[in-house]
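The lines below spell out each chain.
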Amino acid sequence: MKGNITFTIIKPGAVAHEHIGDILQKISDAGFWIAALKYIKLSHSQASYFYAIHKGKPFYDELVEFMTSGPIVIAILEKENAVEDYRKLIGNTDPAKANPGTIRKLFAESIQRNAVHGSDSDLNAKKEANFFFSKCDRFDRNGNFLEISD
Ligand code: ATP
Ligand code: MG
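Report on the accompanying structure. Fair warning: this is a prediction, and the values are worked out from it, not measured in the lab.

In this section: the site of ligand 1. Neighbouring residues of ligand 1: 13 residues in total, closest Lys-11, Thr-93, Gln-112, Asn-114 and Gly-118. Lys-11 is positioned such that a nitrogen or oxygen atom in its side chain is 2.9 Å from an oxygen atom of ligand 1. When isolated, ligand 1 has an accessible area of 580 Å², and the protein chains bury 79% of it. Judged by the fraction of its atoms near the pocket grid, ligand 1 is located in the largest pocket.

Looking now at the nonpolar core. Counting 23 residues, the largest nonpolar core has Phe-7, Met-67, Ile-74, Ile-76 and Phe-132 as its most contacted members. Looking at this core, the element that brings in the most residues is helix H4 (residues 60-67), giving 5 residues. Among residues more than four places away in sequence, those in contact with Ile-74 are Phe-7, Thr-8, Ile-9, Ala-36, Leu-37, Lys-38, Ile-40, Phe-132 and Phe-133. Within the second largest apolar cluster, 19 residues are counted, among which are Ile-23, Ile-27, Tyr-86 and Ala-108.

With a phi angle near 60°, Asn-81 is a residue other than glycine that sits in the positive phi range. Tracing the sequence through the fold places Asn-81 in the loop between strand S3 (72-78) and helix H5 (82-90). Relative accessible area serves as the criterion here: at 19%, Asn-81 is assigned to the buried category. Here the phi dihedral of Ala-115 falls at roughly 75°; this positive angle occurs in a residue that is not glycine. Note that Ala-115 resides in the loop between helix H6 (103-107) and strand S4 (116-118). Using a relative accessible area of 2% as the deciding quantity, one classes Ala-115 as buried.

About the cut-offs
- Residues numbered from 1 in each chain as written.
- Chains lettered and ligands numbered in written order.
- Predicted model: local features only at pLDDT ≥ 70, side-chain atom pairs only at ≥ 80, totals over all residues.
- Heavy atoms only, no water.
- Near = heavy atom within 4 Å.
- Polar contact = N/O pair within 3.5 Å; in protein donor to acceptor, adjacent residues only side chain to side chain.
- Areas by Shrake-Rupley, 256 points an atom, 1.4 Å probe, with all protein chains shown as cover.
- 1 Å grid on protein atoms, 1.4 Å probe; cavity = no way out; pocket = protein on both sides within 12 Å on 5 of 7 lines; lining within 4 Å.
- Sits in = over half its atoms within 2 Å of the grid points.
- Core = buried A, V, L, I, M, F, W, Y, C linked by side-chain atoms within 4.5 Å.
- Buried < 20%, exposed > 50% of the residue type's maximum accessible area, 1.4 Å probe, protein only.
- Helix = DSSP H or I, 4+ residues; strand = E, 2+ residues; numbered from the N terminus.
- Contact = heavy atoms within 4.5 Å.

Dropping the structure here:
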């Protein structure tokens, strides 16, 4: 069964350019329920942990530096088939290759400063959501605490 949550970050570039409102609007318009939402600044250790899979790649150090450079918005989004549908909504990692109308085509500055993160699998969506939000900080469409199954 396809999972029903994904995890997103509105990255520092998009926050600095005041795109928070526009991006959240696109998320809601696409049928995602915002199950959890926070405005935070990542520490170096949080960003390193989050992007550990990319450690050793040429862009890793700069990526961690960028992700800690300013405030971000983090959110859990709920919808059937959330991971795949959200990756479609945000578009290709490289905005030059992203389809028209996607969040990255509209708001990304470059392949690194690409406006948003979206989980790449159901397992990572759960891990990322649980890393940043406890059960008492997340709600389903009925206003009940959101359970995230293993
Ligand atoms: P994200 O994980 O942020 O949703 P993604 O899954 O589309 O993005 P990944 O391959 O996981 O892409 O890369 C993670 C992030 O690392 C990208 O979103 C981007 O900010 C940065 N990145 C990826 N490739 C490059 C690159 N070639 N040059 C610079 N930065 C890059
Ligand atoms: Mg990724």
